[in-house]
Structures are given as C-alpha cells and as structure tokens.
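Descriptive analysis of the structure
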Amino acid sequence: MGQLRDRMEQDLILRKLSPATRRNYLLYCRKFVAHYRRSPEELGETEIREYLLSLIQAARVSYATYRQILAALKFLYCVTLGRPWEVERIPFPRRPRDEFPEIVRQDQLVQLFAALRSLKYRTLFMTCYAAGLRISEACALRVEDIDSQRMVIRVRYAKGSKQRYTVLSPQLLVALREYWKLARPPEWMFPGQGKLPFINPNSARQVFRAACDKVGLGTWCTPHTLRHSFATHLLESGTQLVVIQALLGHSSIRTTTIYTHVRTDHIATVTSPLDKLPPATGGAGQR
C-alpha cells in the first residue's frame, strides 16, 4: 500500500487506537489489497462485498475476526480514503446468540501451565488467566504496571484504547517475582526479540497451541479462553457480575452476562424432577 499505508497508520495513531488494533487493521487491509493485487483506491463496494462474502462462505472466519476485518476496511475507506459511501451500506454482523465461550477446567489449567516449559511463557499465560487479560494486553505489560502495594495490575493498552485496573493475585505475584529475578526485564515485563519491544502476540499463540496439543486440549482452546475461564470461575466463586465487568473492562454489563450461561456450579446442584418420582418397576423384557 506504500504511502497509503503510512497515511492510514497516521490516522490510526491520531484516532488513538491501541498498538494491537493498529497492527490488526493494517494487516487486514494489506490482505484485502493482496487478494485483488490492486490499490484500494481502484476498488469499491462491489469488490469489498465479494471479499467479505469469500471470508464467510469459503474461509469461514470466526465472528470476531470477520467483525474486525470489516471494521478495518470501514476505517480505511471512511477515514483514510474519505469515501464512506463504499462501505456505509455494508452492515456489521449480529453476534450469534447460541455462541457461548469455551471454558478450561481448573485441573486442565494445572496441566496446561505445567506443559509450558519456558518460564517466560508460563508466567505470561498465568497472567492472562489470573488477571483476565487479553493476550495483547498481557504481552504489552510494563514492569511498573505491577503494583504490589495495592495488589492491582494496570492495563494500559486495552481494547478501544481504554485503561483499567485488574486484580493482582498473590500467587501470580510470587510467579512474577521469580520470573523477574531470572529475566530482569528492564522495562517491558515480557520483552520481545523482533520489531516489537515486547513478545509478539502471534508468537505467544503458537507456543500456547503447542502446549495445548501436549495436554490434549483442542483447537477451541486459545489464549482468550483463559480470559473466559477467569470470568466464569470468578462468577462460580460468588464474585458479583459488576465487579467482573470492571475487571474485564467491558463497557456494557450485557457483554459480561454471557458468563452466566456457562457457569455450572448452580446447574450441578439442581435436582431433576425425575429424581422425585418413585423408581420404575416395570417387568424385565417388556417393550
């Protein structure tokens, strides 16, 4: 995209979007350009619709991925190119009502963390679970974000360029201190080796996938599953929904209420009406 890419990156910075969002938007727009091998300035609503349909029908991308790709293209055409009419008639998809987040059991989490042989990555993913962080948020933590006096973690680079505080687990604090003594990270808690000053979230996902394969967890289990598990386990332990909403950084309580559908503690205590009937005494062999 050349100069157009640079202008879009400037627009993203001026809009104060998070570094992770900027990277994703640029990546998705680059893939869109590569699909047609033409400049976005030569493409319009017809090509955008065809591309999006291919993502749904052929690539079968997830709801979250599709929504972010569409948001990236809308930003490109509405803000950077100044041609909002190319995308204004393309609606955002509705969230599927029957999609509930997958949850990792606590015994599975113990196995998963043990399978992560690298102290750096094990501490990273323990942080995701213990504080309910997205992988991009955990990777971009600074050493100074760990506040052991107030027992909170400051999340600077949250979704939507919002900042929040979340809980600092005493057990996680011990793990972070052990890791810090060995690694001595100067600024970023989990420094990277590439262009980014911190661990690349995509590299972290690959390490996580390998650990999941070791313990027999399917492809449904991703770093974001740890965030879902954090919320669900808190709810099952009696934490109020509004508190979980604040820890996760949800703008609306409606987003957080999805975890009420996957908690199993109350379901397991319900007595089925069948159990209140006397045992069946029909003769053996009768049909």
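See the structure shown above.
Now for a description of the structure that goes with this document.

1. As for the packing of aromatic side chains
Using the criterion set out here, one finds seven aromatic pairs in the structure. Seen in terms of ring centroids, Phe32 and Tyr51 are 5.2 Å apart; in terms of plane orientation they differ by 65°. Their pairing is edge-to-face. Placement of Phe32 in helix H2 (residues 19-36) and of Tyr51 in helix H3 (residues 45-59) is noted, with a sequence separation of 19 residues between them. For Phe32, a relative accessible area of 0% corresponds to the buried category. Ring plane angle 55° and centroid distance 4.9 Å describe the contact between Phe125 and Phe208, whose orientation is recorded as tilted. Residue Phe125 is found in helix H6 (residues 119-131), and its partner Phe208 is found in helix H9 (residues 201-215); the two are separated by 83 residues along the sequence. Of the aromatic side chains, those joined through ring pairs into one cluster are Phe32, Tyr36 and Tyr51. Over the ring of Trp188 we find Arg142, and its NZ or CZ is 4.0 Å from the ring centre.

2. Regarding the state of the cysteines
Note on terminology: a disulfide is the covalent bond linking the sulfur atoms of two cysteines. According to the stated counting rule, one finds zero disulfides in the structure shown. Among the cysteines around Cys78, which has no disulfide bond, Cys29 carries the closest sulfur, lying 11 Å off. With a relative accessible area of 35%, Cys78 lands in the partly exposed category.

3. Concerning the nonpolar core
Membership of the largest hydrophobic core comes to 50 residues, with the highest contact counts inside it found for Leu124, Phe125, Ile146, Ala204 and Leu226. Counting residues per element, the ones that place at least two in this core are helix H5 (106-115), H6, helix H7 (135-139), strand E2 (152-155), helix H8 (170-183), H9, helix H10 (223-236) and helix H11 (241-248). Tallying contributions element by element places H6 first for this core, with eight residues. When sequence neighbours within four positions are dropped, the list of residues in contact with Ala204 reads Tyr121, Leu124, Phe125, Ile135, Cys139 and Ile199. Tyr28, Cys29, Phe32 and Ile48 belong to the second largest nonpolar core, which has 27 residues in total.

4. Concerning the side chain of Asp145
As for its placement among the helices and strands, Asp145 is situated in the loop between H7 and strand E1 (146-147). Note on Asp145: relative accessible area 2%, which makes it buried. A polar contact of 2.8 Å, which involves the side chain of Asp145, links it to the backbone nitrogen of Arg142. Contacts of Asp145, omitting those with residues within four sequence positions, involve Ala140, Val152, Ile153, Arg154 and Arg156.

5. Structural notes on the pattern of salt bridges
Taken as a whole and judged by the stated rule, the model has 14 salt bridges. One salt bridge connects Glu86 with Arg83, and the closest N-O pair in it is separated by 2.9 Å. When the shortest N-O distance is used, the salt bridge between Arg134 and Glu137 registers 2.5 Å. When sorted by exposure, Arg134 lands in the same class as Glu137, which is buried. Linked by salt bridges that have partners in common, Arg5, Asp6 and Glu9 make up one network.

6. A few points about the pairing of E2
Bridge count between E1 and E2: two bridges; the pairing is antiparallel. Bridging from a neighbouring strand, Asp147 pairs with Val152 of E2. The hairpin formed by E1 and E2 contains four residues between the paired strands, and Met151 there has a positive phi angle of roughly 60°. Examined bridge by bridge, E2 and strand E3 (residues 164-167) share four bridges and lie antiparallel to one another. When the sheet's bridge partners are listed, Val155 is paired in E3 with Arg164.

Definitions and cut-offs
Sequence order sets the numbering: in each chain, residues are counted from 1 along the sequence as written. Per-residue local features of the predicted model are confined to residues with pLDDT of at least 70, and side-chain atom pairs are confined, for both listing and counting, to 80 or more; whole-chain, interface and lining totals are unaffected and use all residues. Water and hydrogen atoms were dropped before computing side-chain values, which therefore reflect all heavy atoms in the structure. Each aromatic pair joins two rings of Phe, Tyr and Trp (for Trp, the six-membered one) with centres within 6.5 Å, and gets the label stacked for planes under 30 degrees apart, edge-to-face for over 60, and tilted for any other angle. Each helix corresponds to a stretch of at least 4 residues labelled H or I by DSSP, and each strand to a stretch of at least 2 residues labelled E; elements are numbered beginning at the N terminus. Accessible area is worked out with a 1.4 Å probe on protein chains only. A residue is then buried under 20% of its type maximum, exposed over 50%, and partly exposed in between. Two conditions define a charge sitting above a ring: the NZ of Lys or the CZ of Arg must be within 6 Å of the ring centre, and it must be within 35 degrees of the ring normal. Cysteine sulfur atoms that come within 2.5 Å of each other are treated as a disulfide pair. Definition of nonpolar core: a set of buried residues of the types Ala, Val, Leu, Ile, Met, Phe, Trp, Tyr and Cys, connected through side-chain atoms within 4.5 Å. Contacts: residue pairs with any heavy atoms within 4.5 Å of one another. Under this definition, polar contacts are N or O atom pairs within 3.5 Å; protein pairs additionally need one hydrogen-donor-capable and one acceptor-capable atom, and for neighbouring residues in sequence, both atoms have to be side-chain atoms. We define a salt bridge as a side-chain nitrogen of Lys or Arg found within 4 Å of a carboxyl oxygen belonging to Asp or Glu. Between any two strands, pairing holds if DSSP finds at least two bridges.

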